[in-house]
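# Coordinates in review
For reference, the chains in residue letters:
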Amino acid sequence: MTSHFAEQVFLPGQRKAGQEVRDDLAAAASGVATSVRSTYGPVGCDKLLVSVVGDVLITNDGATIVSHLSEKHPAARHIIEAAGRQDEEVGDGTTSVVLLTADLLQRATVLVSRGVHPTVVISGLRNASKKALKIIKRHLVKSVDELEEKTLLQVASTSMSSKIIGSEVELFSNIVVKAMQSVKSKTASGDAIYPVKAVSILKCPGRPIAESELLNGYGFPGDRASKLMPNLVNGAKIAMLDFDLKKKRLGMGIEMKVENAEDLEGMQEKESEMAIADVKLVLSSGCNVVMTTQGIDDLCMQYLVRAGVLAVRRVPKSDLKRIAKATGGEVVSSLASDIGIGEDEVFDASTLGESESVSVEEIGRHDHIVLINGCKNTAARTILLRGPNLHLLDEIDRSVHDSLCAVSKALTKKFVVAGGGAVETCLSTIISEMADHMDSKEAVGLRAFAESLLSLPKQLATNAALDSTDLIAALQAKHHEGVAALCSISEHGSPEIFLEKESHILSAPEEEEIKLRKAAFKKFKETCFYGLNVLTGEVRNNLMAGVLEPAISKAKTIKTAIDTVIQLLRVDERVIIQPPKQDPRQQHPGGGMM
């Protein structure tokens, strides 16, 4: 009887369970990491991606590469989604997430294969994550306000150092920092924000990269709907429409039968009258600029030209929404009022956006942009990228966007950390010490996390054609000096002292002990910012060298990687569910042969 019911509730499909499925998940994660491993760091390689239709893409941007992977394995898709979330929330660190996740999952899988229960490993990883984030927050960050004015330039240049625009990094760093500082605005609670979407990026091929520039105002590709319209409108009042200004066609499936020519002419006149009425209604609001996501026909164009209005058609809806937010207007999708149509059609003047000026600028021989300057609500800037071809401009666009995100996070969160593997090596050294002082089984999880953190600086050295073994050993030795000095002043040499605030570490009942604590803490601070210089093959203080990254990027990388590994490590069985078989008699109810 028991076996009969077991067969009824059994989930049909291809099954993998236990260590076999965990090895399979780790292998899939390793496959995703392999696709971006060689791109990591300032001297990483590029990938040439060719689509099925022959489109070519050359990039070393981790987010772009993983987004083009057509992985069907569920673990691979899970890691790709995690990298995508990292890119959306932070704008940088996607390659780090993939590499750290893959290495950590591989080490965790090995622990489970040796008899350690997954729950123990998961508990250790969660503990390690909490400790790492606390150490970063209390000891490894530096306030942007405490550093020199060039700090933001260093954050921008660090983000772009691994990109194709490395040769023009000084030019683009200045452009990015000026753009983000210019779009500062405040929330309802008074907090300062630096929205990346307030900066528009335009591409114009055919000119040297060094001629790229920052323009005042929000720009987008476009031109006047008619050459008879003005190129410049001062004191602009902008109507933003999500419908066309032209004669309305009959909908699909609607027919009208006409018996004589007079009726046909009457219908055409009525269509013209309706289109003219729409234009006049929009103009009655007092607008002198009209932007629409759709078209404008010649009949409506005449009235706009006579009114001296600058009209732009086929504006991308995403741009129109950003313009509405910046100018304090609204995108109008219909002229219908709340109570009906026809005579009740209205166009509210309160939906108009306002700016100091709207102009049409020529940026190339046949290329024009519409530039909106002096927006009412928020400032806006446009970065005009120039280069020899569109393939290169697309890669520069991605690089500049990543740099904008990095500077925005540094300005918003106000904290940065040293790059070049400094944070990872310092955390690895401290958490290894913590694992050595632990008596519980969770120590294996802490040790696995500490070893995985070193995989990132090792990959930096490997991609730079350096001896990663010797270089990482020298870097670990440098960090161990500071960690050992601070542990020496704690009770029983416990590394838990790193979880305490600086003020608590430096407090003591006796003056002599305070001096010892200050000397030990100073030694730690002198070494905790040491990272790799992959160009010279040496270790150095990357905080002093200006290799800086937003602190939120490191924290999110660790948290995303840990969360992804834990979710995959909890899997103990994989079932590929087969579709239920249908009875042939149900497919052909008649029962006859086809």
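Further up the page is the structure itself.
Presented here is a report on the structure given in the accompanying data block. All of these numbers come straight from a predicted model, not from anything done at the bench. (Residues numbered from 1 in each chain as written. Predicted model: local features only at pLDDT ≥ 70, side-chain atom pairs only at ≥ 80, totals over all residues. Heavy atoms only, no water.)

## Structural notes on the overall build of the chain
Across its full length, the chain holds 21 helices and 21 strands. For the chain, the residues scored as buried account for 47% of the 594 residues in total. Across the chain, the fraction of contacts at a sequence separation of at least 24, relative to all contacts at a separation of at least 6, is 74%. When the accessible surface of the chain is split by element, carbon and sulfur atoms take 51% of a total near 30,000 Å². (Helix = DSSP H or I, 4+ residues; strand = E, 2+ residues; numbered from the N terminus. Buried < 20%, exposed > 50% of the residue type's maximum accessible area, 1.4 Å probe, protein only. Contact = heavy atoms within 4.5 Å. Areas by Shrake-Rupley, 256 points an atom, 1.4 Å probe, with all protein chains shown as cover.)

## Quick word on the pairing of strand β7 (residues 199–205)
Of all the seven residues making up β7, five are buried; the element is thus mostly covered by neighbouring parts of the structure. In this sheet, strand β16 (residues 381–387) lies alongside β7 in parallel orientation, the contact comprising seven bridges. Along β16, the bridge assignment pairs S200 with T382. (Pairing = 2+ DSSP bridges.)

## Some details on helix α16 (residues 468–487)
Structural remark: α-helix, 3.6 residues per turn; residues separated by three or four positions point the same way. Taking 1.5 Å per residue as the helical rise, α16 with its 20 residues ought to reach 28 Å, and the 27 Å between its terminal C-alpha atoms agrees with that figure. Of the surrounding secondary structure, the elements contacted by the buried residues of α16 are α13 (422–436), α15 (455–463), α17 (502–505), α18 (511–527), β18 (530–533) and β19 (538–541). Its side-chain oxygen 3.1 Å from the backbone nitrogen of T469, D467 forms the N-cap of α16. (Expected span 1.5 Å × (residues − 1). Polar contact = N/O pair within 3.5 Å; in protein donor to acceptor, adjacent residues only side chain to side chain.)

## Structural notes on the sheet that holds strand β17 (residues 415–418)
Across the sheet, three strands lie side by side as β4-β17-β20; this open sheet has antiparallel pairing. Only two strands of the sheet have a single partner each, and these edge strands are β4 (142–143) and β20 (548–550). Bridge analysis of β17 against β20 gives three bridges, and the strand direction is antiparallel. Considered in β20, the bridge of V417 is made with E549.

## Focus: the sheet that holds strand β8 (residues 213–216)
In spatial order, the strands read β7-β16-β8; together these three strands make up an open sheet with mixed pairing. What marks the edges here is a single partner per strand, and that holds for β7 and β8. For this sheet, the mean inter-axis angle between neighbouring strands, taken without regard to orientation, is 25 degrees. Relative to β7, helix α12 (residues 390–413) is tilted by about 160 degrees, and along the sheet it contacts β7 and β16. (Axes fitted to C-alpha atoms, helices over the stretch in contact; angles between N-to-C directions.)

## Section: the pattern of salt bridges
Per the counting criterion, the structure on display carries 17 salt bridges. Residue E89 pairs with K556 through a salt bridge whose shortest N-O separation is 3.1 Å. You can see E89 sitting in helix α4 (residues 74–89) and its partner K556 sitting in helix α20 (residues 551–569), a full 467 residues away along the chain. Classification of E89 as partly exposed rests on a relative accessible area of 39%. A relative accessible area of 28% means that K556 is categorised as partly exposed. Each of the salt bridges in this network shares a partner with another, and the network as a whole consists of D103, R107 and E451. (Salt bridge = Lys/Arg side-chain N within 4 Å of Asp/Glu carboxyl O.)

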